[in-house]
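Chain and residue survey
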Amino acid sequence: MKRYTNTEDSAEDLTTYWGRLKHFQNIISPANIFYSPQQLSEYGKILENVDKDPSIRKTYNDQQLWKMRYVVDSNIHPQLKEPVNILFRTSTFVPVNVPLAFGLAVLPPTPINQLLAQSANQTYNFMFNYCNRNASNVFSNEMLAFSYGGAVSSAVVGSLGTSWLFKKLNAPALLIRACPLFGVLIANTFNLFFARYPDFQKGIQVFDDETQEPLPGLSKEAAKIAFFRTLVTRYILPLPMFIPPIVIYYMKQARCYPQGKAVGLALDLSLSGFFLYCGLSVGIGIFPQYLKVNPTDLESQYQNLTNSKGNKIKTIVFNKGL
C-alpha cells in the first residue's frame, strides 16, 4: 500500500484499470455511510495535518489513513468542506438507486411505470449532480430548470417512444423490457451535454504531464475529448441495472423463480443492488480521471511547447470529470 500523503489521490495505482476499479469501489462503498458529522470532521482534521504533525504517523498507519480518506471523500464536498446531503453522497448512491433501478428495469414497462420511474430517476440524478457540483460553476435558476425539465422529458419520451416502436415491430419481449434503458441513455446525453456546454464554449485547463504546470489558454479540443470519454462511461453505467430482468426472465422460464411474493421481491432488489454496485465501479473505472494526450491531438498552440525544465512537452494531461 502507498504511503499516505495529501498529494496522492488514491492508495491504488490509477494508471491501471484494476487500480481504478478498487479505488472507486472504496469510494462508493455503502459502509462509508455510517459515520457521524463529528467523526467526519475529526477525520478531516487528521488528514489535513498528517503531513505536518509527526505524532499522527505514530498513532495511525497508512491503511487507517487511507480508510479515513475514502470515508471523507465519499461524504464531504471537496470544495465546500461540508457533508453532502446524505441521500446524495457517493456512499449512498447504490442503496438509494436500488429502488430506482427496480422501478426502471424490473417492473413491467407500462406507460405509467415508465413515467414514474424515469421521472424519479432523473430527479435523483439532477439532485445528485447538483449536490456534488463544482462549486465554482454558477448556473442560473432558469438554466437548472431547463436542464431538469429536459432530462425528465427526454427520458420519458425516449422510453415510451422506443416501447411504441418495438411493439409496432413485434420485437422480442426482452427487447421491449429494455425500453427504459433507451430513455436513460438519451437523458444521460442531454444532462452531460448541458453540464459541459460552457467547456465547449471556453475550453478547459490542460497541463504538462512532466511538470504538472498549467499550459497557457484553455483547450476546446480537450473539452471535446473529455465529453466523449465521459459519455461512454455514462452509457455503460446504466447497463448492469438491466441485467436482473434477464436473469429473472430465464429463472421463470426454468421454473426456479421463488413462488412467494416477499421472497421474489427480496431477490429482485438483491439482484438490482448487486449489479448496480458492480456496474458503477466497473463503468467509472474504464477511463482514468486524468486523460493523457499527444499535443498534436489539441490546438496548434499546444504543439512545440517547452516546459520549465527546457524539455519539449510530449504529453498533455487534463481532468476528464465524472
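Once a new chain begins, its residue numbering starts again from 1 and follows that chain's sequence as written. Reporting in this predicted model follows two pLDDT cut-offs: at least 70 for local features of residues, and 80 or more for side-chain atom pairs to be given and counted; totals over whole chains, interfaces and linings ignore these cut-offs and use all residues. As a convention, hydrogens and water are excluded, and side-chain values are obtained from all of the structure's heavy atoms.

1. A word on the packing of aromatic side chains
So the rule is basically this: Only rings of Phe, Tyr and Trp enter the pairing, Trp through its six-membered ring, and a pair is recorded when the two centres are within 6.5 Å. The plane angle decides the type: under 30 degrees is stacked, over 60 is edge-to-face, the rest tilted. Helix numbering and strand numbering both begin at the N terminus, where a helix is a DSSP run of H or I of at least 4 residues and a strand a DSSP run of E of at least 2. Partly exposed residues are those whose accessible area sits between 20% and 50% of the maximum for their type, while under 20% is buried and over 50% is exposed, using a 1.4 Å probe and protein chains only.
Here the structure, examined in full by the defined rule, presents 14 aromatic pairs. Residues Trp66 and Tyr70 carry aromatic rings whose centres are separated by 6.3 Å and whose planes lie at 35 degrees to one another, so their mutual orientation is tilted. Placement of the pair is Trp66 and Tyr70 together in helix H4 (residues 62-73), with a separation of four residues, close to one helical turn. This pair shows no difference in class: Trp66 is buried, exactly as Tyr70 is. For the pair Phe227 and Phe228, a centre-to-centre distance of 5.1 Å together with 80 degrees between the ring planes defines the contact as edge-to-face. What makes Phe228 exposed here is its relative accessible area of 52%. Of the aromatic side chains, those joined through ring pairs into one cluster are Phe88, Phe93, Tyr124 and Phe128.

2. What about the sheet that holds strand S1 (residues 207-208)?
Consider a sheet: its strands pair through backbone hydrogen bonds, and that pairing is either parallel or antiparallel. Condition: Only strands joined by at least two bridges in the DSSP assignment are considered to pair.
What the three strands build is an open sheet, ordered S1-S3-S2; its pairing is antiparallel. Sheet topology places S1 and strand S2 (290-293) at the edges, where each strand pairs with a single neighbour. In the sheet, S1 pairs with strand S3 (residues 316-319) via two bridges, with the strands oriented antiparallel. By the bridge assignment for S3, Phe207 is matched with Val317.

3. What about the UniProt feature "transmembrane region" (unreviewed entry) in the chain?
As a reminder, the rule being used: UniProt positions are given in the numbering used here, feature names are shortened, and annotations may be inferred rather than shown by experiment.
As annotated in UniProt, the feature "transmembrane region" (unreviewed entry) corresponds to residues 86-107, 145-166, 178-197, 235-251 and 263-287 in the numbering used here. In residues 235-251, the share of helix is 65% and the share of strand is 0%. The end C-alpha atoms are 27 Å apart. Helix makes up 88% of residues 263-287 and strand makes up 0%, while its end C-alpha atoms are separated by 38 Å.

4. Notes on a nonpolar patch on the surface
As a reminder, the rule being used: Put simply, a patch holds well-exposed residues, over 30% relative accessible area, that have no salt bridge, with like charges counted together within 9 Å and Val, Leu, Ile, Met, Phe, Trp or Tyr side chains within 5 Å. In short, Shrake-Rupley with a 1.4 Å probe defines the accessible areas, and a residue's cover is counted only from the protein chains shown. One side-chain nitrogen of Lys or Arg within 4 Å of one carboxyl oxygen of Asp or Glu is enough to make a salt bridge.
A cluster of nonpolar side chains, namely Trp164, Leu165 and Leu169, defines an oily patch on the protein surface of about 350 Å² accessible area. Structurally, Trp164 is set in helix H7 (residues 141-168).

5. Concerning the pairing of S3
When S2 meets S3, the two strands line up antiparallel, connected through four bridges. Paired with Tyr290 across the bridge in S3 is Asn319.

6. Describing the pattern of salt bridges
Pairs may arise between side chains of opposite charge once their charged atoms sit close together. Counted according to the given criterion, the structure contains five salt bridges. A salt bridge links Asp51 to Arg57, with the nearest nitrogen and oxygen atoms 3.7 Å apart. In this structure Asp51 comes out as partly exposed when scored by relative accessible area, which is 44%. Note on Arg57: relative accessible area 21%, which makes it partly exposed. Note that Lys292 and Asp209 form a salt bridge whose closest N and O atoms lie 3.5 Å from each other.

7. Some remarks on the packing of helix H6 (residues 111-131) against helix H9 (residues 179-202)
Under the convention used in this document: A fitted line through C-alpha atoms serves as each axis, taken over the contacting stretch for helices, and the angle formed by two N-to-C directions is quoted from 0 to 180°. By definition in this entry, angles of less than 35 degrees are roughly parallel, angles greater than 145 are roughly antiparallel, angles of 65 to 115 are roughly perpendicular, and the rest are oblique. Two helices crossing with the near one rotated counterclockwise from the far one by less than a right angle form a left-handed crossing, whereas a clockwise rotation gives a right-handed crossing. Any two residues having at least one pair of non-hydrogen atoms within 4.5 Å are treated as being in contact. In the scheme used here, Gly and all other residues not listed as nonpolar or charged are polar, with Ala, Val, Leu, Ile, Met, Phe, Trp, Tyr, Cys and Pro taken as nonpolar and Asp, Glu, Lys and Arg as charged.
Remark: H6 packs on H9, axes separated minimally by 11 Å, with the N-to-C direction vectors making an angle of 30 degrees. Of the possible angle classes, the one that applies to H6 and H9 is roughly parallel. As for the relative orientation of H6 and H9, their crossing is right-handed in sense. On the side of H6, the interface is formed by Gln114, Gln118, Asn121, Gln122 and Asn125, while H9 contributes Pro180, Gly183, Val184, Ala187, Asn188 and Asn191. Along the lines of polarity and charge, the residues of the contact of H6 with H9 split into three nonpolar, eight polar and no charged.

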